[in-house]
Structures are given as C-alpha cells and as structure tokens.
Amino acid sequence: MCRSTSILRWLVCLVVVGHASVALAQGLGDFFVVTTAGKLREQADDEAKIVDTAKPGTFLKVLAKEGDYRQVVRTAPGWTDQSSRGWIRAQHLASFDDAVAFFTRAIADSPKDAELLRVRGRLLLQQRKLDRSLADLNAALRLKPKFAEAYHDRGTLWLMQLEYDKAIADQSQAIALNPKEYRYYAVRGQCRMRTGQYDRAAADLTVAIKNNPKDPRLYLIRGDARFTLRKLDKAIEDFSAAIERDPKSAVAYQRRGSVWLDKNALDKCISDNTKSIELNPAMASAYEGRGLAKKRKGRFQEALADLNRAIKLKPNVARCYVNRGFVRIQVAGDLDAAIADFDKAIALQPTLAEAYFNRSGVWFTKRKLDRAIDDVTEAIRLAPNDEQFYQLRAKYWMAKNDYTKMLDDLNEALRINPKSAVAHVGRGSVWLHRKDLDKAMVEFNRALELDPRHKNALMGRGKIWGIRGKYKKAIAELNAAIKIAPRYARAYRVRSTVWLQAGDDKKAAADRETAARLDSGNRGDGRQPGLDLLMNGRVDDAIAAFTKSINKKPNRPLYELRAMSWSRKGEFAKASDDFSRAIKLEPTRAVTYVHRAGVDLFLGKLDEALSDVNKALEMNPREYRGYATRGTVWFRMGKYEKSLADFEQAIRLRPDDATVLSNFSRLLATCPNEKVRNGKQAIVHATKACKLTRSQAWQAVAALAAGSAEIGDFANAVTLQKKSIALRKKTLPYVKAALDAPDDQQILKLYEAKKPLRHQRAK
C-alpha cells in the first residue's frame, strides 16, 4: 500500500474516531488527541480569527467549553505550551484510548509509517506505558533516522525513567536536526538540572526562551537553575517574568517567595507565598515557605500553623518536619515533640544532614552530650563541607572540656571558610581557657576584622583586658558589646565580673541583676550571682548566694557549685555532701561522681573515691577526669602500675590538661617502683603543663622540680621548688597536693641535700 493511501485511510478513520469521542471530550482538564486537522480560533465562533492549526496527532488539554467548541492548550508528554492555545471544534478531538486503538489499526495497515509509530509511541508515553512506547519510538527512528520529534519523544521517555544521560543525548540529536524547536532545549535543560549541570541548563533555557518568549514555564525552569547557582537577582527576574506571562501561576509566586526567603526579604516572601496559597490552597510548599519566613520573624505560633498545614497536605516531606521541630521548641519548649519531628524527618530521608544537626541541639539542651555529638558527627559525615556543623560540634567539645577536639573542629571550619568570624571567636575561647592571652587576643582581633559587630569577640577582648588589669579598656569593650546587643545577658555578666575585679561592687550588682532579668536560658537557674563571686575569689559570699538560690529552687548545678565553693574553703565534708545531693537530683551525670571522688581523696576515703570513679567510667568510658582521678587513687594506695595505666589513658583522651599532666609527671618522678618511675618522661609532661599554664601553676612547677631532681639536676630542682612555693602562697592556704607529698619546705630541703622525692603510700 502506498504512503498516500495509508494516510488517507488514517484520516478517514480518525474522523470516525473523532465523532465517536465527542462525548468524551467534555471533561475540563482532560487530555485529547487531534484527529483531523482543526483550526484554532481566538474565540468560540466560526467567524473568529484563526490563530493556529492543530495537526493530527497533536496533544491538547481542554480548558473550557462553549457549545461545540473547546478551549484547548497545546501539550506534550511532560510539557504544556501555555503560549499556544485557542478554541477548536470538539469533533476534531479523540480520547487517548480511542486514539491508541485507531493508530494500532493504522499501523497494522502501514507498518513502515514512521509518523504513525511516533504518534502511537507518544500516546503510550502519555499513558505511562513506557516499554511499548519505547518500542514504537525505536521503530520510528529505524525507519526514519533523522526524525527530530521521535528523538525528542524518546528523550522525554528517558527523562521519565531517570536515564538523564540518554535523555540529553536524544534531545541533543533532536536539536541538531531542528535547532529552532524550543521544546528540545527545554527538556534538555530539565535533564541537565537533574544532573547538576546548572550553568548548561540555564544556557539551554535561554535558547528556548529566545525561540518562544511567551511560555512562562521556561522562565520557571531557568529561574530554578539560576536560584541553584545563587544568581538570586536573575532568578527573581525569571520568576517575575513567569508571573507576568501567567498571573495565576501559584508555582511562580511560590518559587519567587523562596528566593525572597534566601535574600531574607521576609515580608516579600510572606506576600508571594500568601498569593500562591490564594491561587492554589493545596500548595504545600507555599505554606512551608511562609512558615519559614514567619519563623525568622519570631512569629512562631503562625509559623507552626503554616508548617502543620504543609505537613497535612504533603506528609512525606522530611524538611517540613525539621522546620516544625525547631518551631515547636520556640513555641512551647517541647523538646520531646521536636525530637519526634526530627526522628520522622530522618526516617523519611536518612541522608538529611539538617535533621541530625537540629536533633543534636535538642540532645545538648537535654544534657545528653554524647548523643548530641553522635548526631552532629553524622551530619558532618553527610555534609562534610558545612562549616556550621564543625562549629556546633566544637561547642559540644567545649561542654565536655575537650579543648583539643574543639580546636580541631574550629580549624576545620576555618579551612572550609577562612573568613568565619565565629570560628575565630571559638579559637580565641580555647586560648583564653588555656590562659594564652596573646593568642586569644589575635583570634578576637581577627574576628572583629571580619565582623566589627561581633559581640562575643568584643566580650573576649574585654575578658582579656580584665585579666590583665586594664579595667577601663575591658569596660569599653563590654560597653560596645552591650550597645550592639542590649538584651544579651552574658555581656552584663562578664561586665559585672570586671566591675568586681575593679572593686566596684555596686555596678557589679546592677549588672548581675540585669543579666538575671534578661537571661531565660541555662543560667536562669540562679547560679550566676554566686558564680561571679566565686570567680573573683569571694568564696563566702558565693556560698551565701548559692544557698539563697538553693532555698528558692534547688537544682544539680547549684549544689555542684556550692560543693566547689566548700572545697575552696577546705570544707571537704560539706563539699562531699553537696555533691551527693547533686547526684541524687541527676544520677546519670558521670562527672559529678568524679568531683565527689576528688573531695573524698582529701578526706582519705580512698575506697569511696574508687567506687565513684568506677561508676563514672561505666557511664562514660571517655571521661578523662575519671581516669586521672582513679590514677591518683591508685597512686595513694601504692598500686603504681594501675596508676600508670589510668594516667596514660587520661592523657590519650585529653593530652592538654595541665592538672592531669602535672599529676602524671609527679607519679613518674616520685614513684618508688622503678618499673614505673621515669624522670625524663616526667620532665616532658611537666614541661608541657608549665607551657600550658605559662609557668604560673604551682602544681606544674612543683612537678617539673620533682622530675629535675629525679634526673639529678638538683640545682634546677631547688630553683623550681622555690618558685612553686612562691606561687602556692598566692593561692588559698588550705590547698594541698592530692598525692600525700611532704610539705613544700621539706621537699626543698630534700633537693638542697641532692636527694630525689619519693612518694609514701597512704596508710
């Protein structure tokens, strides 16, 4: 049969199919196939202006009906051409099922007609019958190797099957055959978006827009590409162009709202998402975007309502649960509900780093540090180049007093972003803790170069000036921090400490009251007034302040701090009682058992101390202070090899703790057991302790003296011991070494007599 005859029979049969399907063409929003060529008119009127011709095989979507006419828009698999629309008589349309049946009969008559095969392949593609569609399109291309539309349709099929490379190859072939057809560029651009080729995707959409500037969806796709490329202003231009061409596009408003959110233009974000919701009340992403903007504005109740609505509409979006979890904390402080949301997000999307990141913050608030660290570590594994994750974990290491790991994480954050003021402030805090004021000042200065309004950097400099006795400079720095953040309670607390150092109790008290009024966080538990006094050596006043707070509302931190204050006075029995009260309130906190073991050492309760540190290490096998304290217990019991093992473990976990290094050095220098005693190693550890404390800690200097005596350098031992005695006189007189050493003067006499110090085990 000749081709002309087959086409004639095809058109005749389509007329039959078309007339039989008029009743099926009534449903608005349904898709149909052009049977016989029909004229698209501006209006439903035989005399209206003709704007286009719909050829047989063209896909159309019915938008409205008026008598025998249907308002339609041209469409294709995965694509709607909003610029090509008009009115056509219903007799030219057939349903998909009827059209497939017809083309099947037509192909039986003309099996080598590539056009028939392509049209049926496209129909089957629209019906998601992908295997049959692929067979038809492959057959069409074998018959007609330069068939651009068949390549385009097959490329669309590959896109639907997520075979992006194949899709790009087919669309590229279609473009080579017909470089003027905008749809080919549009679909290739979509594929390139899916493969992360955002620049090339934007370039494809630019060509598509040039060839068809009226189609709003082209601007939407290019806007998405530009948004991903962080070309925010260009993305705004594209989404605005889409809105101009289709003012009823809920998607365009929602997309533009997302860019406004990224630019922190919150009112514009709320406005656009509200408009999107008006146009499409089921637009879950618009509720989510509006909720996020309201969250940033502090309108948490409204944000929660929007996020609840988003989740109800689309319950399987992990990101929504992450955001709702955060808002739930702000609205009601409901940590358990927040964790449930983060758990749900992780169940839906186990690779969502943000969910682990946020959940870690809740664990931290609940004082479950190990779980917090585990979660943020998983976030880092999933997103290893996010500086914020390292900064947060650094905060957790600081809470565990692990400043070495804290510094490691801050260094990594600065590797990722050398201009992170936050990371520089964190490093400054590490050096401040280690009493290296010069290094700390360098970090705080660098942070202020990057961000002149960084309140914590100003506070850090203020602390340093206060320590150095430069009170005017300290107050000036803290005044600047308070001016930037007048409701920042911590700044007032630090300034109150400087006023105390400067001898102005009245101003210190005023700042403490202001801080207490502002502070609603962890320090709102009554501990701060006493803590300020304790830090400034006013131990009796601190005990009175802690007692006053305990009488109002007792809690674990208050008992611990009062216990430490009793220890400063040498009242170790009272300290032990307060640590016991703290343990009763929070029996799972390992470090409190370590603290109680420490005061029991002073009371000579070695068995009780050993029991406490064993319990602490069962709870937290990485609690380095537990190993150090147990090492001291073994040392006093004369079990030197056990002491050596525990100190070595403590050093592995925390190699930069001056107290642990000093006590370990003392063991190595003075142990009667020759297998344990090692003068050279004692000097190594004591030297490091002196470096960490800038040789201002009497324990470190005394340990270095003992190590010097052990290797026979008695002249240096005498000099160092005298320095240790002088430093010790600056501390309170009750302070004694926890290793049963003789009095300082007796030790000095030993060194002067060129004799090393030997430990005597407790009786």
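Residues numbered from 1 in each chain as written. Predicted model: local features only at pLDDT ≥ 70, side-chain atom pairs only at ≥ 80, totals over all residues. Heavy atoms only, no water.

Trainee: What is the right way to read the overall build of the protein from this model?
Mentor: Check the secondary structure of the protein and you find 39 helices and seven strands. The C-alpha radius of gyration computed for the protein amounts to 38 Å, which surpasses the reference 27 Å derived for 763 residues by more than 25%, pointing to a less compact arrangement than a globule. Looking at the protein as a whole, 52% of its 763 residues are labelled buried. For the protein, the share of sequence-separated contacts (at least 6 apart) that also reach a separation of at least 24 residues comes to 53%. Accessible area for the protein stands at about 35600 Å²; split by element, carbon and sulfur atoms hold 50% of it. If the 137 positive side-chain charges of the protein are averaged to one point and the 91 negative ones to another, these points end up 3 Å apart. (Helix = DSSP H or I, 4+ residues; strand = E, 2+ residues; numbered from the N terminus. Rg over C-alpha atoms; globule rule 2.2 N^0.38 Å. Buried < 20%, exposed > 50% of the residue type's maximum accessible area, 1.4 Å probe, protein only. Contact = heavy atoms within 4.5 Å. Areas by Shrake-Rupley, 256 points an atom, 1.4 Å probe, with all protein chains shown as cover. Lys, Arg positive; Asp, Glu negative; His and termini not counted. Charge placed at Lys NZ, Arg CZ, Asp CG, Glu CD.)

Trainee: Would you explain the state of the cysteines in this entry?
Mentor: By definition, a disulfide is the covalent link that joins the sulfur atoms of two cysteine residues. Counted under the stated rule, the structure contains zero disulfides. Left without a disulfide partner, C320 is nearest to the cysteine sulfur of C269, which lies 13 Å away. (Disulfide = S-S within 2.5 Å.)

Trainee: Honestly, helix 16 (residues 335–348) in this entry has me stumped. Any pointers?
Mentor: An α-helix turns once every 3.6 residues. As a result, residues three or four positions apart point the same way. If you check helix 16, its first and last C-alpha atoms are 20 Å apart, about what 14 residues at 1.5 Å a residue would give, namely 20 Å. The complete set of buried residues in helix 16 reads L335, A337, A338, I339, D341, F342, A345 and I346. (Expected span 1.5 Å × (residues − 1).)

Trainee: Looking at this model, I keep getting lost on the confidence of the model for the protein. Mind explaining?
Mentor: Low-confidence regions, as indicated by low pLDDT, have predicted coordinates that should not be scrutinised in detail. Taken as a whole, the protein shows an average pLDDT of 85; of its residues, 90% reach a score of 70 or greater. In this model residues 1–29 is a low-confidence stretch, pLDDT under 50, and it forms 55 contacts with partners more than four residues away in sequence or in other chains. Contacts of residues 520–524 to residues separated by more than four positions or lying in other chains number six contacts, the stretch itself having pLDDT below 50. (pLDDT = per-residue confidence, 0-100.)

Trainee: Please clarify how the environment of S567 should be interpreted in this entry.
Mentor: Secondary-structure assignment places S567 in helix 29 (residues 556–568). Taking relative accessible area as the criterion, S567 reaches 17% and is therefore assigned buried. It is 9.7 Å that separates the C-alpha atoms of S567 and G598, two residues lying 31 residues apart in sequence.

Trainee: So what exactly am I meant to see when it comes to the pattern of salt bridges here?
Mentor: Close approach of charged atoms lets side chains of opposite charge pair. Applying the stated rule across the entire model yields 54 salt bridges. Across the pair R183 and E181 runs a salt bridge, and its minimum N-O distance is 3.1 Å. Neither residue differs from the other here; R183 and E181 are each classed as buried. D578 is the salt-bridge partner of R562, the closest N and O atoms lying 2.7 Å from each other. One end of the pair, R562, is in helix 29; the other, D578, is in helix 30 (residues 572–585), with 16 residues separating them in the sequence. (Salt bridge = Lys/Arg side-chain N within 4 Å of Asp/Glu carboxyl O.)

Trainee: When you look at helix 26 (residues 505–518) in this model, what are you seeing that I'm missing?
Mentor: Between its first and last C-alpha atoms helix 26 spans 20 Å; for 14 residues at 1.5 Å apiece the expected length is 20 Å, and the two agree. Here helix 26 has its buried residues at A508, D511, R512, T514, A515 and L518. Taken around the axis of helix 26, the buried residues stretch over an arc of 160 degrees, which confines them to a single face. Those residues of helix 26 that are exposed and aimed more than 90 degrees away from the buried face are K506, E513, A516 and R517. (Arc of directions from axis to C-beta.)

Trainee: Explain unusual backbone geometry to me, please; I cannot follow it from the model alone.
Mentor: A negative phi angle is the norm for most residues apart from glycine, just as the trans form is the norm for most peptide bonds. A positive phi is found at R367, a non-glycine position, where the angle reads about 65 degrees. Along the polypeptide, R367 turns up in the loop between helix 17 (353–365) and helix 18 (369–382). Taking relative accessible area as the criterion, R367 reaches 39% and is therefore assigned partly exposed. One non-glycine residue, K435, adopts positive backbone phi at about 65 degrees. If you trace the backbone, K435 turns up in the loop between helix 21 (421–433) and helix 22 (437–450). Among the residues examined, K435 registers a relative accessible area of 52% and is labelled exposed.

Trainee: Would you mind showing me how to read the packing of aromatic side chains here?
Mentor: Going through the model one piece at a time under the given rule, you end up with five aromatic pairs. With a centroid separation of 4.9 Å and an interplanar angle of 35 degrees, the aromatic rings of F357 and F389 are classed as tilted. Taken as a pair, F357 in helix 17 and F389 in helix 19 (residues 387–399) lie far apart in primary sequence, 32 residues in all. Taking relative accessible area as the criterion, F389 reaches 7% and is therefore assigned buried. Ring geometry for F647 against F664: centres 5.5 Å apart, planes inclined by 10 degrees, an arrangement best described as stacked. Of this pair, F647 sits in helix 34 (residues 640–653) while F664 sits in helix 35 (residues 658–670), and the two are 17 residues apart along the sequence. The pair formed by F647 and F664 is uniform in burial state, with each residue classed as buried. The lysine or arginine in question, K439, covers the ring of W431, its NZ or CZ lying 4.4 Å from the ring centre. (Phe/Tyr/Trp six-rings, centres within 6.5 Å; stacked < 30°, edge-to-face > 60°. Lys NZ or Arg CZ within 6 Å of the ring centre and 35° of its normal.)

Trainee: What is the right way to look at the side chain of R192 in this model?
Mentor: As for its placement among the helices and strands, R192 is situated in helix 7 (residues 182–194). Taking the relative accessible area as the measure of exposure, R192 reaches 7% and is therefore buried. Polar side-chain contacts of R192 include one of 2.9 Å to the side chain of D204. With sequence-adjacent residues up to four places away left out, R192 is seen in contact with I168, Q197, Y198, R200, A201 and D204. (Polar contact = N/O pair within 3.5 Å; in protein donor to acceptor, adjacent residues only side chain to side chain.)

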